[in-house]
Amino acid sequence: MSQSAVSRAFSPGSSISARTKQKVLAAAASLGYRPNRIPAIMLSGRSFMVGVVIGGLENPFYATALERLATALRESGLQVLLMHVDDALTLDSALDRLVSYRIDAIVTSLAIGSKAVVQALSQLRLPVVCFNSSHVGPWISTVNSNNHGAGLVAARLLGRHGMQRPLWLAGPSRNSASRARGRGFCQGVRDTGIPSARLVRVQGNDTYDSGYDAIARLQKQGIRPDAIFSSNDMMACGAIDALRECMGLHCPHDVAIMGYDNIPQAAWRSYDLTSFDQQTDQMVARAMQLLDEALGTQDGPVSRTCIVDAQLIERGSTRAAR
């Protein structure tokens, strides 16, 4: 069998008879042969591999998003090169490793942390698709949850609950999605007529323990909120436990509380947490559209920002607000 016939047998869409292809594949199976894709990559300049950069997998939301993203990429005929970084907020720490691989594009759940990183990524001339990033640039697009709008909705819902002492439980200061949710919530609180001075702001780091500790510190300071909007569900679950164990307060009778991400734990009976679902399926679908457009265009770098509205899932932690 000629080398070219073998090559065509392993190349989708190549011109080769079904009989010849069957003979090549049968011989390859008996010999345990696997084609080496490196020559094809060198010739075409395309690897059909997408670098997927992840972090923060302690939050179940990211694990769910990764599974759906990997499935969508595979169904599009692309291979996933998975890269994990410790910093769950930025791509900065992954940049040096990314440039050492021959990949066609980068997709990441992490936000771009600075304009310097935008410039460095743009110089790679590779399509980059992020989730919930405030920074975009040439070759870089992002799919964002409507974080600011959700913050407004949270304030209105808690306002109907009768909130007078609201608390914003923020994520890390570099988390642009958390900052947008906080701005929306603070604006919504003002719109309800509550003076800004009554709004308490505390900082967490998106983990259960940080939510618990933030509320425990409030108890020592003598601060008792009656409504809490948390930047994510993990911190909200920690806050609910701390309210009960440290302050003797219960949701929703003493404190109404809302989170973000709609992770599986939010539906557990012990939390019954009202939350915003980022509609991961829609976000992944939009990301794949951006990726297809960027890989298929000959008109220069693609840079887009897509917004997906979060879906409010009301549960018992704000039951009195209904």
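Residues numbered from 1 in each chain as written. Predicted model: local features only at pLDDT ≥ 70, side-chain atom pairs only at ≥ 80, totals over all residues. Heavy atoms only, no water.

Participant: Give me the overall build of the protein: which residues, what numbers.
Facilitator: Secondary structure summary: the protein contains 11 helices and 12 strands in total. Seen through its principal axes, the protein has C-alpha atoms that stretch 80 × 40 × 30 Å. Per-residue burial over the protein gives 49% buried out of 322 residues. Across the protein, every contact between residues at least 6 apart in sequence was considered, and the portion connecting residues at least 24 apart equals 69%. With an accessible surface of roughly 15700 Å², the protein has 49% of that area assigned to carbon and sulfur atoms. When the 33 basic and 26 acidic side-chain charges of the protein are each reduced to a single mean position, those positions are 5 Å apart. (Helix = DSSP H or I, 4+ residues; strand = E, 2+ residues; numbered from the N terminus. Buried < 20%, exposed > 50% of the residue type's maximum accessible area, 1.4 Å probe, protein only. Contact = heavy atoms within 4.5 Å. Areas by Shrake-Rupley, 256 points an atom, 1.4 Å probe, with all protein chains shown as cover. Lys, Arg positive; Asp, Glu negative; His and termini not counted. Charge placed at Lys NZ, Arg CZ, Asp CG, Glu CD.)

Participant: Describe the environment of Arg74, listing the residues and the values that go with them.
Facilitator: As for its placement among the helices and strands, Arg74 is situated in helix H4 (residues 60-75). With a relative accessible area of 55%, Arg74 lands in the exposed category.

Participant: Just give me the short version of the packing of helix H9 (residues 208-221) against helix H10 (residues 233-247), but keep the residues and values in it.
Facilitator: Direction vectors running N to C along H9 and H10 enclose 35°, while the axes themselves pass 6 Å from each other. For the pair H9 and H10, the crossing hand works out as right-handed. Two secondary-structure elements touch here, H9 through Tyr208, Ser210, Gly211, Tyr212, Ile215, Ala216, Leu218 and Gln219 and H10 through Met234, Met235, Cys237, Gly238, Ala239, Asp241, Ala242, Leu243, Glu245, Cys246 and Met247. Looking at the contact of H9 with H10 residue by residue, the classes come out as 13 nonpolar, four polar and two charged. (Axes fitted to C-alpha atoms, helices over the stretch in contact; angles between N-to-C directions. Left-handed = near helix turned anticlockwise from the far one by under 90°. Nonpolar A, V, L, I, M, F, W, Y, C, P; charged D, E, K, R; others polar.)

Participant: Explain the pattern of salt bridges residue by residue, including any values.
Facilitator: Taken as a whole and assessed by the stated rule, the structure comprises six salt bridges. The salt bridge involving Arg319 is made with Asp272; its shortest N-O contact spans 3.1 Å. Taken together, the positions of Arg319 in the segment after strand E12 (311-313) and Asp272 in the loop between strand E9 (256-258) and strand E10 (275-277) put the pair 47 residues apart, joining distant regions of the chain. Close ionic contact of Glu293 with Arg304 constitutes a salt bridge, the shortest N to O distance being 2.6 Å. Here Glu293 is found in helix H11 (residues 280-296), whereas its partner Arg304 is found in the loop between H11 and strand E11 (305-308), with 11 residues between them in sequence. When salt bridges that share partners are traced, they join Asp241, Arg244 and Glu245 into one network. (Salt bridge = Lys/Arg side-chain N within 4 Å of Asp/Glu carboxyl O.)

Participant: Quick rundown of the sheet that holds E9? Include the residues and the values.
Facilitator: Strand order in the open sheet made by the four strands is E7-E6-E8-E9, with parallel pairing throughout. Looking at which strands have only one partner, the edges of the open sheet turn out to be strand E7 (200-203) and E9. On average, each strand axis in the sheet is inclined to that of its neighbour by 15°, with strand direction left out of account. Along the sheet, helix H7 (residues 147-160) makes contact with strand E8 (227-230) and E9, crossing E8 at roughly 165°. The strands touched by H10 are strand E6 (166-170), E8 and E9; relative to E9, the strand with the most contacts, the crossing angle is about 160°. (Pairing = 2+ DSSP bridges.)

Participant: Describe the side chain of Ser317, listing the residues and the values that go with them.
Facilitator: Mapped onto the elements, Ser317 comes out in the segment after E12. Separated by 2.7 Å, the side chain of Ser317 and the backbone oxygen of Ile257 make a polar contact. There is a polar contact of 2.8 Å between the side chain of Ser317 and the backbone nitrogen of Thr274. (Polar contact = N/O pair within 3.5 Å; in protein donor to acceptor, adjacent residues only side chain to side chain.)

Participant: Describe the pairing of strand E4 (residues 128-131), and please don't skip the residues or the numbers.
Facilitator: The alternating pattern of E4 places Val128 and Cys130 and Val129 and Phe131 on opposite faces, both of which are buried. Judged from the three bridges that link them, strand E3 (residues 105-108) and E4 form a sheet pairing that is parallel. Counted as the bridge partner of Ile106 is Val128 from E4. Note that the unit made of E3, helix H6 (residues 115-123) and E4 has a crossover that is right-handed. Looking at chain direction, E4 and strand E5 (residues 140-145) are connected through four bridges and run parallel. Across the sheet, residue Cys130 finds its bridge partner in E5, namely Thr142. (Right-handed = clockwise from strand over helix to strand, strands pointing away.)

Participant: Now, about the packing of aromatic side chains: what can you tell me, with residues and values included?
Facilitator: To describe a pair of aromatic rings, one takes the distance between the centres and the angle between the planes. In the structure shown here, the tally under the stated rule is eight aromatic pairs. Ring geometry for Trp168 versus Phe185: centroids 6.3 Å apart, planes at 40°, classification tilted. Remark: Phe185 occurs in helix H8 (residues 176-191) and Trp168 occurs in strand E6; sequence separation between them is 17 residues. Relative accessible area serves as the criterion here: at 5%, Trp168 is assigned to the buried category. Given the relative accessible area of 0%, Phe185 is considered buried. (Phe/Tyr/Trp six-rings, centres within 6.5 Å; stacked < 30°, edge-to-face > 60°.)

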